[in-house]
Amino acid sequence: MRQHVNPLSSNFNQIEKLPSLSEMFGDSKSNLHLDIGCAAGEFLFDLALGNTSWNYLGIEIREKLVKNAKLKVIEREIKNLYFIFGNANNILNDMQNKFIIKNIKSISFYFPDPWFKKRHYKRRVIQPGFVNMLSNSLQKGTLIFIKTDVKDLFNYMDCTISSNFHFKTIDKKDFNYSESFNPIKLKTDREKYVIYNQLDIYEKIYIKI
Ligand SMILES: C[S@@+](CC[C@H](N)C(=O)[O-])C[C@H]1O[C@@H](n2cnc3c(N)ncnc32)[C@H](O)[C@@H]1O
């Protein structure tokens, strides 16, 4: 099992300067989806190649994975996909990067690192302060998708997001995926593993009101 990267390490205090949306994407006006903790980005490559009318942005804290993903984007000449290295919390809290939050239509937190020990909960990517920042900066109507196979982590994320009154739960049954960032319900690597091993999946969708 891989060692989780501690996002609170000072290694991640330095944030890479992000290019503008028009430097990141061929058509900067397309709807933008942000995937937080995208690992090697396989899910985003599948989405970007299958759904060229959306732009996709991945943030990942493991630098090597991001370097490789960036090289693959260049080699394959994909114009609607971009990767950022670093701790998502630091990147999105940075004033210079507010333009990203203002422009996103949806965010996914799919199978984030669970950090099982109570003293490590503060390393989990979804934190009250982070949700508060999102609620202050996201446009109304922006969607947040969470998924995990860890019940305790699901309860923690759900409680953190639901206790912010700017976010309302959307009933999954009423949700029309065909117009979302993931029209054909592609799955992440972790989700494929979880399904193969017949583990439970806990998920929820929220909308900024
Ligand atoms: C369990 S993996 C899941 C990967 C992928 N989302 C999936 O469903 O297959 C969680 C990923 O989140 C990354 N990660 C954890 N904390 C992060 C943070 N604060 N910012 C960015 N990435 C983070 C980890 O390095 C890891 O690649």
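Along each chain, residues carry numbers from 1 onward, in the same order as the chain's sequence is written. Confidence filtering applies because this is a predicted model: local features only for residues at pLDDT of at least 70, side-chain atom pairs given and counted only at 80 or more, and all residues used for totals across whole chains, interfaces and linings. Derived side-chain values reflect all non-hydrogen atoms in the structure, with water molecules and hydrogen atoms excluded from consideration.

Some details on the UniProt feature "binding site: S-adenosyl-L-methionine" (unreviewed entry) in the protein chain
Basically, it comes down to this: UniProt positions are given in the numbering used here, feature names are shortened, and annotations may be inferred rather than shown by experiment. Secondary structure is summarised from DSSP: a helix means a run of H or I of at least four residues, a strand means a run of E of at least two, and numbering begins at the N terminus for each. For every residue, the accessible area (1.4 Å probe, protein chains only) is compared with the maximum for its type, and the residue is labelled buried under 20%, exposed over 50%, or partly exposed between those bounds. Contacts were defined at the residue level, with two residues in contact if any of their heavy atoms lie within 4.5 Å. Pairs of N or O atoms are called polar contacts if they sit within 3.5 Å, as long as, within protein, a hydrogen donor faces a hydrogen acceptor (for residues adjacent in sequence, only side-chain-to-side-chain pairs).
Within this numbering scheme, the UniProt entry marks Asp35, Glu60, Asn87 and Asp113 as carrying the feature "binding site: S-adenosyl-L-methionine" (unreviewed entry). In three dimensions, the annotated residues from a span of 79 residues occupy one location, with a maximal C-alpha spread of 13.8 Å. Position of Glu60 relative to the elements: it lies in strand S2 (residues 54-60). A relative accessible area of 5% means that Glu60 is categorised as buried. Excluding residues within four positions of it along the chain, Glu60 makes contact with Gly37, Cys38, Ala39, Leu65, Val66, Ile84, Phe85 and Gly86. A polar side-chain atom of Glu60 sits 2.8 Å from the main-chain amide nitrogen of Ala39. Relative to the helices and strands, Asp113 resides in the loop between strand S4 (104-110) and helix H6 (128-137). Taking the relative accessible area as the measure of exposure, Asp113 reaches 22% and is therefore partly exposed. Those residues in contact with Asp113 that sit more than four places away from it in its chain are Arg2, His4, Arg124 and Leu153.

Considering the pattern of salt bridges
Heads up, the condition is: Salt bridges are defined by distance alone: a side-chain nitrogen of Lys or Arg within 4 Å of a carboxyl oxygen of Asp or Glu.
Per the counting criterion, the structure on display carries nine salt bridges. Of the charged contacts in the structure, one is a salt bridge between Glu42 and Lys72, with a shortest N-O distance of 2.9 Å. Taken together, the positions of Glu42 in helix H2 (residues 42-50) and Lys72 in helix H3 (residues 63-75) put the pair 30 residues apart, joining distant regions of the chain. Glu203 serves as the salt-bridge partner of Lys147, at 3.9 Å between the closest nitrogen and oxygen. With Lys147 in strand S5 (residues 143-148) and Glu203 in strand S7 (residues 202-208), the pair connects residues that are 56 residues apart, well separated along the chain. By relative accessible area, which is 25% here, Glu203 ends up partly exposed.

Looking at the UniProt feature "binding site: substrate" (unreviewed entry) in the protein chain
If you check UniProt for "binding site: substrate" (unreviewed entry), the listed places come out as Lys117 and Asp149 in our numbering. Mapping Lys117 onto the fold places it in the loop between S4 and H6. The partly exposed category is assigned to Lys117, whose relative accessible area is 47%. Considering the arrangement of structural elements, one finds Asp149 in the loop between S5 and helix H7 (151-162). Other than its neighbours up to four places away in sequence, Asp149 contacts Phe111, Arg190, Val194, Leu199, Asp200 and Tyr202. One polar contact links Asp149 to Arg190, side chain to side chain, over a distance of 2.7 Å.

Comments concerning the site of the ligand
Applicable threshold: Near is defined per residue: the residue qualifies when any heavy atom it owns lies within 4 Å of the molecule or strand. Calculation of accessible area relied on Shrake-Rupley with a 1.4 Å probe; when residues are assessed, cover is drawn exclusively from the protein chains displayed. Residues are grouped as follows: Ala, Val, Leu, Ile, Met, Phe, Trp, Tyr, Cys and Pro are nonpolar; Asp, Glu, Lys and Arg are charged; every other residue, Gly included, is polar.
Close contacts around the ligand come from 18 residues, with Glu60, Arg62, Tyr110, Thr188 and Arg190 the closest. Measuring from a nitrogen atom of the ligand, one finds a backbone N or O atom of Ala88 at 2.9 Å. Isolated, the ligand exposes 600 Å² of accessible area, and the fraction of that covered by the protein chains is 92%. Contributions of two or more residues to the shell around the ligand are made by helix H4 (88-93) and helix H8 (189-196). Its residues placed into classes, the shell around the ligand shows seven nonpolar, five polar and six charged.

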